[in-house]
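Summary of the model geometry
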Amino acid sequence: MVTGHTAPTERRSRIATAMAKARVLTEAMPYIQAFSGETVVIKYGGSAMVDDDLRSSFARDITLLGLLGLRPVVVHGGGPHITRAMARADLEPQWVDGLRVTDKATFRVVLATLGYEINPDIVQLLSDHGATAKGFMDPDSGLLIARRRHPDLGFVGEIVQVRTEAIQVLLERGVVPVVAPLACDEDGNHYNVNADTAAGAIAAAMQARKLIYLTDVEGLYRDFGDEDSLIDTIFLSDLREMLGSASVSAGMLPKLESCIQALENGVRQAHILDGRIQHAVLLEVFTPEGIGTMITPQEKW
């Protein structure tokens, strides 16, 4: 029977595959044009930091952002690494409202883990995938200025100033800053800073276009524990109302507080993404569907 259709061949299959890839690029073009030259602050944590495939995916995403004209800044956590290192040092972790209580012994572990283990590793990871990166691993770098958050938390800092000059210089040279959440005060005291909080403060100081959190959940849920209640988009005013409710876990609280602070200070969009999905950053930034939860001011940007 004659159908009028040409029989498929290996060559035609290759052409169809190539055309599909071309469509992806053309669909991404408006987003590339809109975000070229914009600063994007990415908080890197969770499974994306430990799974080899996800590490490579993350590094390729960051490299590609730079090649497409965006200016990525990476702020990393390391909570599970610190907890394991504390166990080896016979130190028992304590938490208050999602923040790690940090005495002098704990801070030594935090500094060794974040500053001298994780930060250089991420810099090397990005370098291995084609990016040029530089780490901020020393609390005395002067990048993050803090004060003691609360006496009960010990050496946990609240950021009062981000000296952005060093980051700006690197971004203008096409270098990816990689920031460990370690700070000092004017008297030279050192502080452990929650990485989510640090990312939000840096995004606000840099007037970033986007603040992105990579986590081990799909996004923000309207009812904690109910996967069907995942929120696709939420306005800042609605997010404020959610704080303090049973739907927000202790681990999510610093992220949401940081999102609110960042958006109130000029950041245009915040995103909570599932870092267990390969290329999560690219899917959110360059596709109309996106993934995870996007938080915006009431106004349309």
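Higher on the page you've got the structure.
Here we summarise the structure given alongside this text. (Residues numbered from 1 in each chain as written. Predicted model: local features only at pLDDT ≥ 70, side-chain atom pairs only at ≥ 80, totals over all residues. Heavy atoms only, no water.)

For helix α6 (residues 195-206), which comprises 12 residues, the first-to-last C-alpha distance of 16 Å matches the rise-based estimate of 16 Å (1.5 Å per residue) to within 8%. With 11 of its 12 residues buried, α6 lies for the most part within the structure. Among all positions of α6, only Ala195, Asp196, Thr197, Ala198, Ala199, Gly200, Ala201, Ile202, Ala203, Ala204 and Met206 are buried. At the N-terminal boundary of α6, the capping side chain belongs to Asn194, with an oxygen 2.9 Å from the backbone nitrogen of Asp196. (Helix = DSSP H or I, 4+ residues; strand = E, 2+ residues; numbered from the N terminus. Expected span 1.5 Å × (residues − 1). Buried < 20%, exposed > 50% of the residue type's maximum accessible area, 1.4 Å probe, protein only. Polar contact = N/O pair within 3.5 Å; in protein donor to acceptor, adjacent residues only side chain to side chain.)

Time to look at the packing of α6 against helix α8 (residues 253-264). For the pair α6 and α8, the least separation of the axes is 8 Å and the interaxial angle reads 10°. It follows from the interaxial angle that α6 and α8 lie roughly parallel. Taken together, the residues of α8 that come into contact with α6 (itself represented by Asp196, Thr197, Gly200, Ala201 and Ala204) are Pro254, Lys255, Ser258, Gln261 and Ala262. Of the residues contributing to the contact of α6 with α8, the split by class is 4 nonpolar, 4 polar and 2 charged. (Axes fitted to C-alpha atoms, helices over the stretch in contact; angles between N-to-C directions. Parallel < 35°, antiparallel > 145°, perpendicular 65-115°, else oblique. Contact = heavy atoms within 4.5 Å. Nonpolar A, V, L, I, M, F, W, Y, C, P; charged D, E, K, R; others polar.)

Among the residues of helix α5 (residues 165-172), those classed as buried are Ile167, Leu170 and Leu171. Seen from one end, α5 has its buried residues packed into an arc of 100°, which puts them on one side. In α5, those exposed residues whose orientation departs by more than 90 degrees from the buried face are Glu165 and Glu172. Those residues of α5 hidden inside the fold are in contact with β1 (39-44), β2 (71-76), β5 (133-136), β8 (176-179) and α6. One or two residues past the end of α5 sits Gly174, with phi positive at roughly 80°. (Arc of directions from axis to C-beta.)

Under the definition given, this model contains 2 aromatic pairs. Centre to centre, the rings of Phe155 and Tyr191 are 6.4 Å apart; their planes meet at 45°, and the pair counts as tilted. Taken as a pair, Phe155 in the loop between β6 (144-148) and β7 (157-162) and Tyr191 in strand β10 (residues 190-192) lie far apart in primary sequence, 36 residues in all. The buried category is assigned to Phe155, whose relative accessible area is 18%. Above the plane of the ring of Phe155 lies Arg148, whose end atom (NZ or CZ) is 4.7 Å from the centre. (Phe/Tyr/Trp six-rings, centres within 6.5 Å; stacked < 30°, edge-to-face > 60°. Lys NZ or Arg CZ within 6 Å of the ring centre and 35° of its normal.)

Scope: geometric values only; no functional claims are made or implied.
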